[in-house]
Each structure stands twice: as C-alpha cells, then as structure tokens.
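Each chain, letter by letter, is given below.
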Amino acid sequence: MTIGFYTSLPLPSRMPFMPEDFFGSLNTGTSPSKIISPDSISQSISETVVLGGQDSYIGKTFGGCRLIGKVGSGAVGVVYLAQHLRLERPVAVKLLAKGLETQEELRQRFLMEGRILAQLEHPNIVRIYDLGEEHDQLFLILHFIDGETLEKRLRTKGKLSEEETVQIFLKVLAGLSHVHRNGLVHRDLKPQNIMLSTEQSVFLMDFSVAQLSTLPFRFTMNGTILGTPYFMAPEQIEGKRG
C-alpha cells in the first residue's frame, strides 16, 4: 500500500508585519494609502506573514492580485496574502508548492479543488473568487480571512471553554453538512484547516484532497492514502471509500 499523506508542514519563520516601506515600494499603480496596511490586519495574521526573503513570487501578480507575503504552507500548496489591485482589498492566493507545478496529477487535483469550492456556497466554507494560471503556475484567489486557525488557537490558549467549543463545532458541522449534501467528502478535516475569524466566524478550508462521490473516476490510485494520520477516519486509513 502506498501512503501519500498530504500533511501540513510548519509555518515558515515569522516576523512582525510592520515594514511600511515595503507597501510603498510596490509598483501597483495604486496610491500607498490604498495598499494593505499593517494596521488593517489583526495581530494574529500579522505575526504569521513572511515578507520577501528568498520567495521569488513575492511582488508578482496572479489574476490581478499582487502577492505581499506568505501566510502559510503545506506539503502541496502555499498561501499568500495579496492585494487585489482593481478592488483594492486583501485576498488570499494559493499556489502549488514549488517543484510541483509540472506534476499533472497534482495540477488536476488543484484545479478540482477550485471547481469544488465554486460549487459550495455556505457561510462556513471559504469562498473562491477565481482560478487561473500565470507565470507557469496555477493559482486560486480566495476570500482573505483575518484571524487564526483552530490549531493556533489551541496551541496559544490551550483548552477552550465548553461554550466556545460548542459554538465552533456547531459551525464546523453546519459547513460539513453542506459539503456532504453536495456529494463531497473533505478527507482532511483537522484544526489546521478550520479558520476562526476576528469576527467570530468559522470557515472550513483546504479541499485539496477532497473527493466528489459522484465522479466516475478517482484521482487517488487504489491503495494510496491521502490525509493527515492523526485525524483520519478508520475507513480512510484502510483505503476504503467514505
């Protein structure tokens, strides 16, 4: 049996989201006052954004969105904070991780993630705005959620109160119910893929290994397991269909 776990890797090293000079230096055609400012984003997000460094994508434009900094990364995808130049608002842009751009199975799965999200309209599921390809790289433009993952909340604050736990999971279950009604299995539900916004909203994220039960074929080869070991259902570990 081949095990192809799509696990999340640690976030990149963090630095304060404070270099105002960076925003003014972007050649966006937008006045500096309308560029995303550090003050417009919560401390939780600003602490995780990594600017510049060795990332050659920072400053490039995908679908009219200029990449500003890296928010997080996993085994397959990288998520950036970006500025939508025409709408003058922050968005999230997801790209395939470097070195994976030419792997056809991953490209098809990435495209499928975008099309799946386009079919899911629910207040507890991250919204997609666009899907495309530029600079020989596929991209998804997603709703930017100002907040933190459930994983980070648990790591920084420890045990949640009973009331907060119930409120979060009622919203998670509402999103999952919508997912299942649309014939979809998420297959990678875990604290890192649950986003908590500063406005107390809860969002399901990362449908990169999701499977539509109505598809006449499967992207995952028989005997291959996709998911995160500690959060996988027994039938998923056994390679059975959920």
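To be clear, the structure that these remarks concern was listed above.
Residues numbered from 1 in each chain as written. Predicted model: local features only at pLDDT ≥ 70, side-chain atom pairs only at ≥ 80, totals over all residues. Heavy atoms only, no water.

Enquirer: Just to check I follow, could you spell out the environment of Leu 138 for this structure?
Expert: With respect to the helices and strands, Leu 138 occurs in strand S7 (residues 137-143). Residue Leu 138 is classed as buried on the basis of its relative accessible area, which comes to 4%. Each C-alpha atom, one on Leu 138 and one on Arg 107, is 7.5 Å from the other, the two residues being 31 residues apart in sequence. Those residues in contact with Leu 138 that lie beyond four places of it in its chain are Lys 94, Leu 95, Leu 96, Arg 107, Phe 110, Leu 111, Gly 132 and Glu 133. (Helix = DSSP H or I, 4+ residues; strand = E, 2+ residues; numbered from the N terminus. Buried < 20%, exposed > 50% of the residue type's maximum accessible area, 1.4 Å probe, protein only. Contact = heavy atoms within 4.5 Å.)

Enquirer: Help me understand the pattern of salt bridges, please; the structure alone is not making it clear to me.
Expert: Pairing is possible between side chains of opposite charge, provided their charged atoms come close. Under the counting rule described, the total for this entry stands at nine salt bridges. Note that Asp 206 and Lys 94 form a salt bridge whose closest N and O atoms lie 3.4 Å from each other. In this pair, Asp 206 sits in the loop between strand S11 (202-204) and strand S12 (211-212) while Lys 94 sits in strand S5 (residues 89-96), placing the two residues 112 residues apart along the sequence. Asp 206 gets classed as partly exposed once you look at its relative accessible area, which sits at 21%. For Glu 104, the salt bridge identified is with Arg 107, shortest N-O distance 3.9 Å. Here the residue Glu 104 and the residue Arg 107 both occupy positions in helix H3 (residues 104-119), the gap between them amounting to three residues, near one helical turn. Among the charged side chains, a network of salt bridges with common partners joins Lys 94, Glu 113 and Asp 206. (Salt bridge = Lys/Arg side-chain N within 4 Å of Asp/Glu carboxyl O.)

Enquirer: Which parts of the structure should I look at to understand the environment of Asn 182?
Expert: Position of Asn 182 among the secondary structure elements: in the loop between helix H5 (162-181) and strand S9 (184-185). Given a relative accessible area of 33%, Asn 182 falls into the partly exposed group. Asn 182 sits 62 residues away from Leu 120 along the chain, and the two C-alpha atoms are 7.8 Å apart.

Enquirer: I'm lost on the side chain of Glu 113 in this one. Help?
Expert: Topologically, Glu 113 is positioned in helix H3. Apart from residues lying up to four places away in sequence, Glu 113 is in contact with Lys 94, Leu 140, Asp 206, Phe 207 and Ser 208.

Enquirer: Would you mind showing me how to read the nonpolar core here?
Expert: Soluble globular proteins tend to pack their nonpolar side chains together in the buried interior. The biggest cluster of nonpolar side chains holds 48 residues, and the ones touching the most others in it are Leu 67, Val 93, Leu 95, Leu 204 and Phe 207. Those elements giving two or more residues to this core turn out to be strand S3 (65-73), strand S4 (77-84), S5, H3, S7, H5, strand S10 (194-197) and S11. A total of six residues in this core trace back to one element, the largest contributor, which is H3. The residues contacting Leu 95, other than those within four sequence positions of it, are Tyr 57, Phe 62, Leu 67, Val 76, Gly 77, Val 78, Tyr 80, Phe 110, Gln 137, Leu 138 and Phe 139. (Core = buried A, V, L, I, M, F, W, Y, C linked by side-chain atoms within 4.5 Å.)

Enquirer: It is not clear to me how unusual backbone geometry should be interpreted in this structure. Could you clarify?
Expert: Across residues other than glycine, the phi torsion is negative in most instances, and most of the peptide bonds are trans. Phi is positive for Glu 88, which is not a glycine, with a value near 55°. Among the secondary structure elements, Glu 88 is positioned in the loop between S4 and S5. For Glu 88, a relative accessible area of 36% puts it in the partly exposed group. Even without being a glycine, Gln 200 presents a positive backbone phi close to 70°. Among the structural elements, Gln 200 can be located in the loop between S10 and S11. Note on Gln 200: relative accessible area 57%, which makes it exposed.

Enquirer: When you look at the sheet that holds S11 in this model, what are you seeing that I'm missing?
Expert: What holds strands together in a sheet is hydrogen bonding between their backbones, with the strands either parallel or antiparallel. Pairing is antiparallel across the open sheet formed by three strands, whose spatial order is S8-S10-S11. On the outer flanks of this sheet lie strand S8 (147-149) and S11, each paired with one strand and no other. Averaged over all pairs of adjacent strands, the angle between strand axes in this sheet comes to 25°, irrespective of strand direction. Sheet analysis places S10 next to S11, joined by three bridges and oriented antiparallel. Looking at the pairing, Ile 194 lines up with Leu 204 of S11. In the packing of helix H4 (residues 150-157) onto the sheet, contacts are made with S8 and S10, and the angle to S8 comes to roughly 90°. Together, S10 and S11 form the strand contacts of H5, whose direction differs from that of S11 by roughly 35°. (Pairing = 2+ DSSP bridges. Axes fitted to C-alpha atoms, helices over the stretch in contact; angles between N-to-C directions.)

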